[in-house]
Structure formats: C-alpha cells, structure tokens
Amino acid sequence: MGTSLIDKLFGVMASPVNTLDEIARERPVGWALLVALGVSFLTLLANFYGGDGLRTIEELRHEFDIFIDASVFVVGGLVLVVVSLFVFTGLLHLLAKLFRGQGGYWNLFSAYCFAEFPMIISVPITLLGAYLGTAGAILSGLISFGLMVWVIVLQVIAVRESHKISTGASIAAYIIHFVILVAIPVAIAIVLVMALLFSF
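Sequence order as written defines residue numbering, which begins from 1 separately in each chain. Per-residue local features of the predicted model are confined to residues with pLDDT of at least 70, and side-chain atom pairs are confined, for both listing and counting, to 80 or more; whole-chain, interface and lining totals are unaffected and use all residues. Working from all heavy atoms in the structure, the side-chain values ignore hydrogens and water.

**Quick look at the overall build of the chain**
Counting its secondary structure elements, the chain contains 8 helices and 0 strands. Labels follow the DSSP assignment, with helices taken as runs of H or I lasting at least four residues and strands as runs of E lasting at least two, numbered in each case from the N terminus. Along the chain direction, N to C, the helices and strands of the chain fall in the order α-α-α-α-α-α-α-α. Per-residue burial for the chain yields a buried fraction of 38% across its 200 residues. Across the chain, the fraction of contacts at a sequence separation of at least 24, relative to all contacts at a separation of at least 6, is 73%. Burial classification: accessible surface area is computed with a 1.4 Å probe over protein chains only, and a residue below 20% of its type maximum counts as buried, one above 50% as exposed, and the rest as partly exposed. In this description, contact between two residues means that some pair of their heavy atoms is separated by no more than 4.5 Å.

Structure (structure tokens):
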C-alpha cells in the first residue's frame, strides 16, 4: 500500500532511494506537480520579499506597485517552472531511454518533481539572511548552494529509480541534459549576435 503525501515528502529527504522508487511506480502526477509548484511559489516569494531586505506588512499594504511587481514575478516564475518541468523531464526521459531505461515519462516526472522538495528549506534561510545583512546573505547563499546540490543528487536518483538504469548511466544522462540546456541559449545568443553583426 502506498504511503501518504506527508510520508513521501519526508521520505524524499530521509530515505530518498526507496521513496523515489515508490513515487516513480505509483506516478502521483497531480501531487507531484503541486509539490513542485508549491516549493517554487514559496521560493519565488522569499526571493522577492527577502532578496533586498525584508519589507514589513504595513509597507507592502501601502505600496501597490510592489504588489503588482510581485504578482507578475511570481505568476511568470510559476509558468516558467511548469514549462521547465515538462521540458527537463522530457529531455531526461529521452536520454534515459538511450541508456536502455525501462520507465515511462510520467514515472520520471513524478519522481523528478518530488525531488525538488528539499528546496523548501531555502525559504526560511532566505528570509533569515535578509535580516542578518551581508553575513546572512553569504550564509544563505552557501546553504542554498548546498540545497541545490542535494536536489541534483535526488534528481539523478529519480532518473535511476524511474528507469531502472545504473547510477553511472543516470549521472551521464543528467550531465548530457544539462549540457544541452546550456548549449541551446548559448547557440541562440551566438546566432543573434552574428545576425546583428552582419546587419550593419
């Protein structure tokens, strides 16, 4: 019998291999998407309100422009998150198949989304960092970097468990997918620069 949502969330951090394997098999796509969006929503808000020093509730109530900026920032960010999730997992799925992966797209999608959960820790860290000034910002940056590495490790595990391939193949698929994602905007930028140069 499957575990509850709360058990899955804590399991991702405490027992990631077994939990992500279970999530990949069960494919709770709806919950997976909500988890990823929830984490992204809170992270975006924390970065907006805590990035330049915390604003008080009273200040926010009297600054309508800030509210509009925050709404656009968060909504735009969430749209980008959804698109990124589908693209990233799609690319990883295809690469895993090249390494003889046996899982389906939604198996990986579910596990990949749940692998994002530890980033929730960055929310209080970002807000705390805003209170502590420069030292807090440095500490927040270091902890956020550690969380990012943790999530990457979990995403590699998600690929491995959802497609039943080796750890080496999972790492290779992840690295190749990262290189492709970096190469695409770089290639577009080069083409645009060349087009501008030849237009003069």
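**Some thoughts on the nonpolar core**
Nine residue types can take part in a nonpolar core, namely buried Ala, Val, Leu, Ile, Met, Phe, Trp, Tyr and Cys, and a core is a set of them joined through side-chain atoms within 4.5 Å. Of all hydrophobic cores here, the largest spans 33 residues; its most connected members are Leu-20, Leu-85 and Phe-114. Put simply, the parts of the chain that give this core at least two residues each are α1 (5–14), α2 (16–26), α3 (29–50), α5 (64–98), α6 (105–114), α7 (122–163) and α8 (167–199). Ignoring anything within four residues of it in the chain, the contact list for Leu-20 reads Val-12, Ala-111, Phe-114, Ala-115, Leu-154, Ile-157, Ala-158 and Glu-161.

**Quick notes on the packing of aromatic side chains**
Side-chain rings of Phe, Tyr and Trp, where Trp is taken by its six-membered ring, are said to pair if the distance between their centres is within 6.5 Å; with planes under 30 degrees apart they count as stacked, over 60 as edge-to-face, and otherwise as tilted. Within this structure, the stated rule accounts for 5 aromatic pairs. With a centroid separation of 5.3 Å and an interplanar angle of 80 degrees, the aromatic rings of Trp-106 and Phe-109 are classed as edge-to-face. With Trp-106 and Phe-109 both in helix α6 and 3 residues apart, the pair spans about one turn of that helix. Residue classification places Trp-106 among the partly exposed positions, given a relative accessible area of 38%. Members of the aromatic cluster, joined through ring pairs, are Phe-86, Tyr-105, Trp-106 and Phe-109.

**Here we look at α1**
Here α1 has its buried residues at Lys-8, Leu-9, Gly-11 and Val-12. Taken down its axis, α1 places every buried residue within 165 degrees of arc, on the same side. Along α1, the residues that are exposed and aim more than 90 degrees away from the buried face are Phe-10 and Ala-14. The reported arc concerns the directions from the helix axis to the C-beta atoms and nothing else.

**Concerning the pattern of salt bridges**
We define a salt bridge as a contact between a side-chain nitrogen of Lys or Arg and a carboxyl oxygen of Asp or Glu at a distance within 4 Å. Counted under the stated rule, the structure contains 6 salt bridges. Glu-161 is the partner of Arg-160 in a salt bridge, and the nearest nitrogen-oxygen pair spans 2.9 Å. The salt bridge involving Lys-164 is made with Glu-161; its shortest N-O contact spans 3.8 Å. When salt bridges that share partners are traced, they join Asp-21, Arg-25, Arg-160, Glu-161 and Lys-164 into one network.

**Some points on unusual backbone geometry**
The backbone phi angle of Arg-100 is positive, close to 65 degrees, even though this residue is not glycine. In this structure, Arg-100 sits in the loop between α5 and α6. Of note, the phi angle at Lys-164 is positive, near 55 degrees, even though the residue is not glycine. In this structure, Lys-164 sits in the loop between α7 and α8.

**Observations regarding the environment of Ala-111**
Its location among the elements puts Ala-111 in helix α6. The exposure class of Ala-111 is buried, given its relative accessible area of 0%. A C-alpha to C-alpha distance of 8.6 Å links Ala-111 and Glu-22, two positions 89 residues apart in sequence. Discounting residues that sit within four places of it in the chain, Ala-111 has contacts with Leu-20, Ile-23, Ala-24 and Ala-158.

**So, the side chain of Ser-84**
With respect to the helices and strands, Ser-84 occurs in helix α5. Among the residues examined, Ser-84 registers a relative accessible area of 19% and is labelled buried. The definition of a polar contact used here is a pair of N or O atoms within 3.5 Å, where within protein one atom must be able to donate a hydrogen and the other to accept one, and adjacent residues in sequence count solely through side-chain atom pairs. A polar contact is formed between the side chain of Ser-84 and the backbone oxygen of Leu-80, at a distance of 2.7 Å.

**A closer look at the environment of Thr-3**
Mapped onto the elements of the fold, Thr-3 is located in the segment before α1. Of the residues examined, Thr-3 reaches a relative accessible area of 36% and is grouped as partly exposed. When the C-alpha positions of Thr-3 and Ile-23 are compared, they lie 9.3 Å apart, and in sequence the two are 20 residues distant. Residues within four places of Thr-3 in sequence aside, it is in contact with Lys-8, Glu-22 and Glu-26.

It is worth stressing that arrangement in space is one thing and function is another; only the former is reported here.
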